[in-house]
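What the coordinates show
What follows is the residue order along each chain.
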Amino acid sequence: MSNATAEHPEHLTEDEKQLVRKPLVLNNRTMGWISDYISSIVEGKTPTWWYVSMAITVPLTLMCLALLGYLISTGVGVWGNNHPIGWAWDITNFVFWIGIGHAGTLISAILFLTRQKWRTSINRAAEAMTLFAVVCAGIYPALHVGRVWMAWWLAPVPNANAIWQNFRSPLLWDVFAVSTYFTVSVLFWYTGLIPDLATLRDRCTTKIRKFIYGVLALGWRGGNRQWRHYEMAYLILAGLSTPLVLSVHSVVSFDFATSVVPGWHTTIFPPYFVAGAIFGGFAMVLTIMIPACAIYKPLHDLVTTDHVNKMCKIILLTGSIVGYAYLMELFVAWYSANPYERAAFWYRAFGPYWWAYWSMMFCNVVAPQIFWFKYFRTHLVWVWVIVQFPNAGMWFERFVIIATTLARDFTPSAWGMFHPTWVDICTFIGTFGLFGTLFLLFIRFLPMICMFEVKAVLPEADPHHGEANH
Amino acid sequence: MEAVGNPTAPVYGVAAEFQCARDLYHAAEKIRDAGFSKWDVFSPFPIHGMDEAMGLKRSILGKLVFFGGLTGFLTAVTMEFGTSSFLYPLIVAGKPTNLYTVPAFFPIMFELTILISAFTAVFGMLIMNGLPRLNHQLFNWDRFKKVTEDKFFVAIESEDPKFSTRSVQDFLESLGGTNITTIHGD
């Protein structure tokens, strides 16, 4: 069907009308409006709510940094980690944050390759969220090594002891996977920002802003001789990021799966971790985007209910995959006939951490099922409330995998419980402050929505727009 | 005809404004057919099919990235086998350190392949685009600021062998361009 008929649906039969796609941008917004509105968020006076929010998140960030300083100066014993639970909240929080960081790249890369054009209005914020989540995640593995000043031993550089790393260790794979993921995500995000930074540069009125945005925009002019390399670079980055995003959480899961600990030593982990990461990541995207659109109401023309609806469907799908994985774990534990494997799962469900297990089951498997009903996918308040379950549930999942498994090892003499210290708790709360602070700075100083991509999905962006046949 | 920039400086080219992607697309086809070589069209977003309308070939960036990826892969192979098999063989759980250990080396090979490919894609794109740069003759023209908002432009450079200010001005006017302007350097 040509665009010409799509613009005049009155000529169509009933069947054909159903084939006309809904516009991605509502209320016939023009290109000029998109630039004006998105840029005005950055250019306008700083709103009061922004200061209020920063007044909450900045102290939390400082608390997080202070506690990390306390940990470095005192020792890793300020956390509750101890035998038998050597990996506790630190790795739980690491996997939690890195999982959240998967939705951004999924939206920017996989939905780009599959030509899901609705992604254009959410990819920028989701990618930013990815970066900030990975920053929060990176704190934990870096700090839990104990003597942080020796963390450079992870890097393969020649040293006086002539010692080299064990490249067969999943922990070293993890270092490479997470640092590659962060670097590539920064490159992807910044590449996407260049044309929009040029928009901000061209609208600047003050010299300082013009200088800063001018330097950041790298001299972009929007010539087609630039666009053709730019689009190729973007396509290649999407192609590279797709296997990358799937590999990162797989490698994270190898930290567990390659061990011989019952409950960890399982081949289902990589796909199950990836599905869980997408599930939790989309929940966090919605957690952030719904309030942002409530504050900047005209954004509803760009991030429409249809977008939210689609994201809820992805949450429903990935949540069901996660639920399937939980059940399959139980089945395989039984079917393996391995008493330790069976005991591990018995203790998960009915042992000392039964509350964490059933919280996880409820939040991740039961609660998202409500998204089968369209009403709950399209009413934003409901969506926001419901996605808090995956947010919490994914934290419980990692806690269940790590703590319950270590708490009930092979021999009862090695059994024990984990109790978080106040440093554990406050550091974790502090990472939310760090995440919030970075996100607020992003909203204030960079375009929250990818302007040039949204313009490109408008009907008039088609060079054959308005022509009868093509 | 208007002129911007320093009038005593050499002419960079002649530029014209268009109102929509469709007009720009058809103008590009005609400029291509007229045989110009040093010219470009400017738009707020990439226009689908513009490469064909301008007669441009596919970007060679993909080929560069292949070699970037190969570099990353070979770096990982050298690093992993070099250290684990020769410099410092570390026996863990009785596992070999020879060629059979390659499955355990695979994740880092993969990650470094991706990493160097991504760097090649971004920096290769910037270098081929002549970026970063702080200024450009086109920025002397105030109307050109709208190129990142909702306006479309064509510029034919003075380095083009078929360029003469007068004829290019008339040509762009015949294509439907408005605000035709001669752009000087600084």
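Everything that follows concerns the structure shown earlier in this document.
Below is a short write-up of the structure.

About the criteria used
- Each chain carries its own residue numbering, running from 1 in the direction its sequence is written.
- Chains and ligands are labelled by the order in which they are written, letters from A for the one and numbers from 1 for the other.
- pLDDT decides what is reported in this predicted model: residues at 70 or higher carry local features, side-chain atom pairs at 80 or more are listed and counted, and totals for whole chains, interfaces and linings draw on all residues regardless.
- Hydrogens and waters are ignored; side-chain quantities use all the structure's heavy atoms.
- Think of it this way: any DSSP run of H or I at least four residues long counts as a helix, any run of E at least two long counts as a strand, and we number them from the N terminus.
- Burial classes follow relative accessibility: with a 1.4 Å probe on protein chains only, a residue under 20% of its type's maximum area counts as buried, one over 50% as exposed, and anything between as partly exposed.
- Residues count as neighbours in contact if any of their non-hydrogen atoms are within 4.5 Å of one another.
- Per-residue accessibility takes into account occlusion by the displayed protein chains alone, with areas from the Shrake-Rupley method and a 1.4 Å probe.
- Two residue types count as positive, namely Lys and Arg, and two as negative, namely Asp and Glu; His and chain ends fall outside the count.
- Think of each charge as sitting on NZ of Lys, CZ of Arg, CG of Asp or CD of Glu.
- For a compact globule the rule gives 2.2 Å times the number of residues to the power 0.38, and the radius of gyration it is set against comes from C-alpha atoms.
- By definition, the buried area sums, over both parts, the 1.4 Å-probe accessible area that each loses when the two are put together.
- Whenever a carboxyl oxygen of Asp or Glu lies within 4 Å of a side-chain nitrogen of Lys or Arg, that contact is scored as a salt bridge.
- Whenever two N or O atoms come within 3.5 Å, that pair is a polar contact, provided that in protein one can donate a hydrogen and the other can accept it, and provided that, for residues adjacent in sequence, both atoms are side-chain atoms.
- The span one expects for a helix is its residue count, reduced by one, times 1.5 Å.
- In this description, the arc belongs to the directions extending from the helix axis to the C-beta atoms.
- Here, nonpolar core refers to any group of buried Ala, Val, Leu, Ile, Met, Phe, Trp, Tyr and Cys residues whose side-chain atoms link them within 4.5 Å.
- To get an axis, a line is fitted to the C-alpha atoms, and for a helix only the part in contact is used. The angle between two axes follows their N-to-C directions and goes from 0 to 180 degrees.
- Working rule for handedness: look at the near helix, and if it is turned counterclockwise from the far one by less than a right angle, call the crossing left-handed; if clockwise, right-handed.
- Each residue receives one of three labels: charged for Asp, Glu, Lys and Arg, nonpolar for Ala, Val, Leu, Ile, Met, Phe, Trp, Tyr, Cys and Pro, and polar for the others, Gly being one of them.
- Strands pair, by our definition, only if DSSP identifies at least two bridges between them.

This part takes up the overall build of chain B. A tally of regular secondary structure across chain B gives five helices and five strands. Ordered by position from the N terminus, the helices and strands of chain B form the series β-β-α-β-α-α-α-β-α-β. Dimensions of chain B, computed from C-alpha atoms along their principal axes, come out at roughly 80 × 35 × 30 Å. Out of the 186 residues in chain B, the part that is buried amounts to 49%. Across chain B, every contact between residues at least 6 apart in sequence was considered, and the portion connecting residues at least 24 apart equals 79%. With the model as given, the accessible surface of chain B reaches about 8900 Å², and the carbon-plus-sulfur share is 61%. The average position of the 15 basic charges and that of the 19 acidic charges among the side chains of chain B differ by 3 Å.

Our focus in this paragraph is the overall build of chain A. Assigned secondary structure in chain A consists of 18 helices and zero strands. Since a compact globule built from 470 residues should have a radius of gyration of about 23 Å, the 24 Å found for chain A is in line with a globular shape. If you line up chain A on its principal axes, its C-alpha atoms span 80 × 55 × 45 Å. Each of the 470 residues in chain A was classed as buried or not, and the buried ones make up 57%. Long-range contacts, defined as pairs at least 24 residues apart, comprise 82% of the intrachain contacts of chain A with a sequence gap of at least 6. By element, 70% of the accessible surface of chain A is carried by carbon and sulfur atoms, the whole surface being about 19400 Å².

Chain B puts 71 residues into the contact, and the matching count from chain A is 62 residues. Sorting the residues of chain B by area buried against chain A places P46(B), E111(B) and T148(B) first, and these three jointly supply 11% of that buried surface. Linking chain B with chain A are one salt bridge. Between R203(A) and E149(B) there is a salt bridge; the shortest N-O distance is 3.8 Å. At the boundary of chain B and chain A, one finds 22 residue pairs in polar contact (both at pLDDT 80 or more). In terms of residue count, the dominant contributor to the side of chain B that touches chain A is helix α4 (residues 102-128) of chain B (18 residues).

It is worth spelling out the environment of M361(A) at this point. Residue and element names in this part refer to chain A. Its location among the elements puts M361 in helix α14 (residues 354-366). Between the C-alpha atom of M361 and that of V381, which follows or precedes it by 20 residues, the distance is 23 Å. Look past the residues within four positions of M361 in its chain and what remains in contact with it is Y326 and V366.

Residue and element names in this part refer to chain B. For helix α1 (residues 21-33), with 13 residues, the first-to-last C-alpha span of 18 Å sits near the 18 Å given by 1.5 Å per residue. Residues of α1 that are buried: A21, L24, Y25, A27, A28 and I31. Relative to the axis of α1, the buried residues are bounded by an arc of 165° and lie together on one face. Those residues of α1 that are buried lie in contact with β2 (11-18), β3 (39-42), α2 (50-54), β4 (152-157) and α5 (165-174). Following α1 by one or two positions, G35 adopts a phi angle in the positive range, close to 90°.

We now examine the nonpolar core. Counting 202 residues, the largest nonpolar core has W97(A), I156(B) and L172(B) as the members making the most contacts within it. Per-element accounting of this core gives the leading share, 17 residues, to helix α11 (residues 269-295) of chain A. Setting aside its immediate chain neighbours within four residues, L172(B) contacts V14(B), A15(B), A16(B), I31(B), V154(B), I156(B), G177(B) and I180(B). With eleven residues, the next largest nonpolar core counts F42(B), L138(B), W141(B) and V147(B) among its residues.

The description of two packed helices rests on the angle between their axes and on the distance between the axes. Residue and element names in this part refer to chain A. For the pair α14 and helix α16 (residues 380-407), the least separation of the axes is 8 Å and the interaxial angle reads 140°. For the element pair α14 and α16, the recorded crossing hand is left-handed. Taken together, the residues of α16 that come into contact with α14 (itself represented by W355, A356, Y357, S359, M360, F362, C363 and N364) are F389, P390, G393, M394, F396, E397, F399 and V400. Split into classes, the residues belonging to the contact of α14 with α16 amount to twelve nonpolar, three polar and one charged.

As a further point, take the pairing of strand β5 (residues 178-184) of chain B. Residue and element names in this part refer to chain B. β5 sits mainly inside the fold: five of its seven residues count as buried. Note that strand β1 (residues 2-4) and β5 share three bridges and pair parallel. Residue pairing for β5: E2 is matched across the bridge by T181. One ladder, built from five bridges, connects β2 with β5; its direction is antiparallel. Considered in β5, the bridge of V14 is made with T182.

In this section: helix α7 (residues 123-144) of chain A. The terminal C-alpha atoms of α7(A) lie 32 Å apart, and with 22 residues this matches the ideal 32 Å at 1.5 Å per residue to within 8%. Burial analysis of α7(A) places 17 of its 22 residues in the buried class, the great majority of the element.

Further remarks concern the environment of F452(A). With respect to the helices and strands, F452(A) occurs in helix α18 (residues 451-456). Exposure remark for F452(A): the relative accessible area of 5% places this residue in the buried category. Considered as a pair, F452(A) and G192(A) are 260 residues apart in the sequence and their alpha carbons are 9.1 Å apart. F452(A) has contacts with G192(A), P195(A), D196(A), W227(A), Y230(A), P44(B), F45(B) and P46(B), leaving out every residue within four places of it along the chain.

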